[in-house]
Amino acid sequence: MGMGSDNAAFPFATTTTSPRFCNPISHRRIFSDVAEDVTVSVDGQSFLLHKFPLVSRCGRVRKMVVDSKDPDLLKLELVNVPGGAFAFELAAKFCYGSNFEITTANVAHLRCIAEYLEMTEDYQVENLIFRTETYLNEIVLKNLDKSLEVLCKCDGLDPIVEEVGLVDRCVDAIAMNASKEQLVSGLAHLECNVGSGKLHTHPQDWWIEDLSALRIDHYRRVIAAMRRNGVRPESIGTSITHYAQISLKGVERRHVWDSGPFVGDDQRMIVETLIDLLATENITTVTLSFMFGMLRMAIEVDASLDCRIEVEKRIGLQLEMASLDDLLIPSTQTSDSMFDVDTVHRILVNFLQRIDEDDSGELSPCGYDSDGMKSPSHSSILKVGRLMDGYLAEIAPDPYLKLQKFMALIELLPDYARIVDDGLYRAIDIYLKAHPSLTESECKKLCKLIDCQKLSGDASSHAAQNDRLPIQMVVRVLYFEQLRLKTSFSGGGCGGDGGVSQRFMCSSSGVPSSCVSPQRDNYASLRRENRELKLEISRMRVRLTELEREQGLMKQQGIRGDVRHGEMNGRAFLASLSRGFGRITMFGGPEKRSRKKSSRSSQGSEAKNNPSRRRHKASFAYD
């Protein structure tokens, strides 16, 4: 490419305040009628130029001409030129005295090519290095917007751009100007509400979006400098979120059935750098949904294990704020389950470690310590318990989910993380339905994780009729349900308190169980016990039918004595049944209870004289 044509306009945006390259005597005019005497080769492009204007300003070219010892040197070859042919053409125009402006679009290239060609004051006053440094110091580094533009133009100019310190100066200028702008903007938009006396700030961090155009290594240095200069953590967190959204939006999600390694080194570097930046700069203002997004991205691009562990720890610190959709992370393994259960397991471990550090062993094993019930950690673990029950129910239908992983998640949470086990029972029931090939011993191990004392009346009724459960599980459910009924009939709890709403269910060890909340209101307790009594009556009806059938069979065989014995058993059963009916009347008003009590006493005295009538009335009550 020759320089014979006069083209003074530079094909980039110009600014009116930029200095111009113009000399009183133009070298282009001097050499306009002189044939070119040297060919300069740069990155495969040839420039037909004159030796004198190059030698007069470029120390590197002068040394090459001197070292060649050839007065008729016709060709020069420049290698590793920063900015390539584009930057060299700018330097050649300067040597020829062409008029063009220094702008934010070309100052980085001009500064680097000037350093490469050694265009110092030793060869010419106000040489290219001096001109570019003047523009940088007086115009660029005093302005946040221009510093950002110049830093973006530093790409591809390594390593000279680092040697001249241009990147460091732009980074420091961006951070310092951002801090100043936040201070000025905060003061300018400060409003005082006279009525409440509260102060309101309305920051305008326009540079958050502009930082997304930076290269990831430059962006990291800018964020670190901003932290040192006191930029608000909220603004930095917003900037990191925006940068991730812009730079990672092209990453496609891999599916379980996809095979082969993921190709995306640039995306992997961005993910690992952002995660490391969150850790090293201790940035905690990003949202939990963003952290889950970064975790998914780390899995997608196959980021390093340290990065994934760091994100999992940060999520574990605030797991109680997560949603079910956040935890449903697809698995990238072809032979494993559809969901990444191992990652959720590690997150839950981190959460429990945080709870242990917060509580320092203050919670009682039952989880109902007077202080523990009101502690933030106990509230958090209850939320996580409900969240994990929902997660278990979502992953349970997966036919590839191993029993060991499913049980490991259940066993990880402590007993006091669940007030009731209805959610856990539902998840296990779904898993049993989706995995009919489980052996009997495996079903027993899985069902042992359910605390039958913590099942509600509806769940107990469902479990008692569930064919998928082992018979031992059904027996346990019926046993504890019967135990609950006896406690209800006796009207007292393990502590002797007769109040229904304040009663704890007791285990064999006498420790209050967490299946009943001490804050339950009286009305809810009465409704629950009413349902339980109705269930007991249904069972008594079945037993009564069996006794009547046995009595009829005994009459046919003519066994008189056995019949009498059966009648005595029937009377005893009916007497207990009538007591059960009397118990139901406790849910009526006071007048009804007293009226029915007197009615029962009169009917009882009459029944002593007429046993057949008593049996008739009892049987009629079931019809």
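Scoring rules and cut-offs
- Residues numbered from 1 in each chain as written.
- Predicted model: local features only at pLDDT ≥ 70, side-chain atom pairs only at ≥ 80, totals over all residues.
- Heavy atoms only, no water.
- UniProt positions renumbered as here; feature names shortened; annotations may be inferred.
- Pairing = 2+ DSSP bridges.
- Helix = DSSP H or I, 4+ residues; strand = E, 2+ residues; numbered from the N terminus.
- Axes fitted to C-alpha atoms, helices over the stretch in contact; angles between N-to-C directions.
- Contact = heavy atoms within 4.5 Å.
- Disulfide = S-S within 2.5 Å.
- Buried < 20%, exposed > 50% of the residue type's maximum accessible area, 1.4 Å probe, protein only.
- pLDDT = per-residue confidence, 0-100.
- Salt bridge = Lys/Arg side-chain N within 4 Å of Asp/Glu carboxyl O.

The name that an unreviewed UniProt entry assigns to the protein is Phototropic-responsive NPH3 family protein, with the source organism given as Urochloa decumbens. The record in UniProt for the protein states the following under Pathway (unreviewed entry): "Protein modification; protein ubiquitination."

Asks: Help me understand the sheet that holds strand β1 (residues 38-42) in this model?
Replies: The mixed open sheet is built from 3 strands, whose spatial order is β2-β1-β3. Because the sheet does not close on itself, it has two edges, and the strands there are β2 (45-49) and β3 (75-78). With strand direction ignored, the average angle separating the axes of adjacent strands in the sheet is 25 degrees. Bridging between β1 and β3 involves 4 bridges; their strand directions are parallel. Counterpart to Ser 41 in the pairing with β3 is Glu 77. Packing against the sheet, helix α4 (residues 84-96) makes contact with β1, β2 and β3, and its axis sits at approximately 5 degrees to β2.

Asks: Would you take a moment to explain the state of the cysteines for this structure?
Replies: Note on terminology: a disulfide is the covalent bond linking the sulfur atoms of two cysteines. As enumerated under the stated definition, the model contains 0 disulfides in all. Between Cys 152, a cysteine without a disulfide, and Cys 154, which holds the nearest cysteine sulfur, the sulfur-to-sulfur distance is 8.7 Å. Assessed through its relative accessible area of 24%, Cys 152 is described here as partly exposed. Counting only cysteine sulfurs, Cys 170 is the nearest neighbor of Cys 154, a cysteine outside any disulfide, at a range of 5.3 Å. In this structure Cys 154 comes out as buried when scored by relative accessible area, which is 0%.

Asks: Any chance you could explain the pairing of β2 here in plain terms?
Replies: One face of the sheet, then the other: side chains in a regular strand alternate in exactly this way. Two elements, β1 and β2, share 5 bridges in a ladder whose sense is antiparallel. Considered in β2, the bridge of Ser 41 is made with Ser 46. Linking β1 to β2, which pair antiparallel, is a turn of 2 residues; within it Asp 43 sits at a positive phi near 50 degrees.

Asks: Which parts of the structure should I look at to understand the confidence of the model for the protein?
Replies: Reading fine detail from the predicted coordinates is not recommended where pLDDT is low. The predicted model of the protein averages 75 in pLDDT, with 65% of residues at 70 or higher. Scored below 50 in pLDDT, residues 569-623 shows 41 contacts in the model against residues more than four places distant or in partner chains.

Asks: What is the right way to read unusual backbone geometry from this model?
Replies: Pro 159 follows Asp 158 through a cis peptide bond whose omega is 0 degrees. If you trace the backbone, Pro 159 turns up in the loop between α7 (144-152) and α8 (160-163). Look at Glu 118: it is not a glycine, yet its phi comes out positive at around 60 degrees. Structurally, the position occupied by Glu 118 is in the loop between α5 (107-116) and α6 (128-140).

Asks: Before we go on, may I ask you to explain the pattern of salt bridges in this structure?
Replies: Side chains bearing opposite charge may pair, as long as their charged atoms lie close to each other. For the coordinates displayed, the defined rule picks out 20 salt bridges. For Lys 63, the salt bridge goes to Glu 118, with nearest N and O atoms at 3.2 Å. Here Glu 118 lies in the loop between α5 and α6 and Lys 63 lies in helix α3 (residues 59-68), a separation of 55 residues in the sequence. With relative accessibility at 43%, the residue Lys 63 sits in the partly exposed group.

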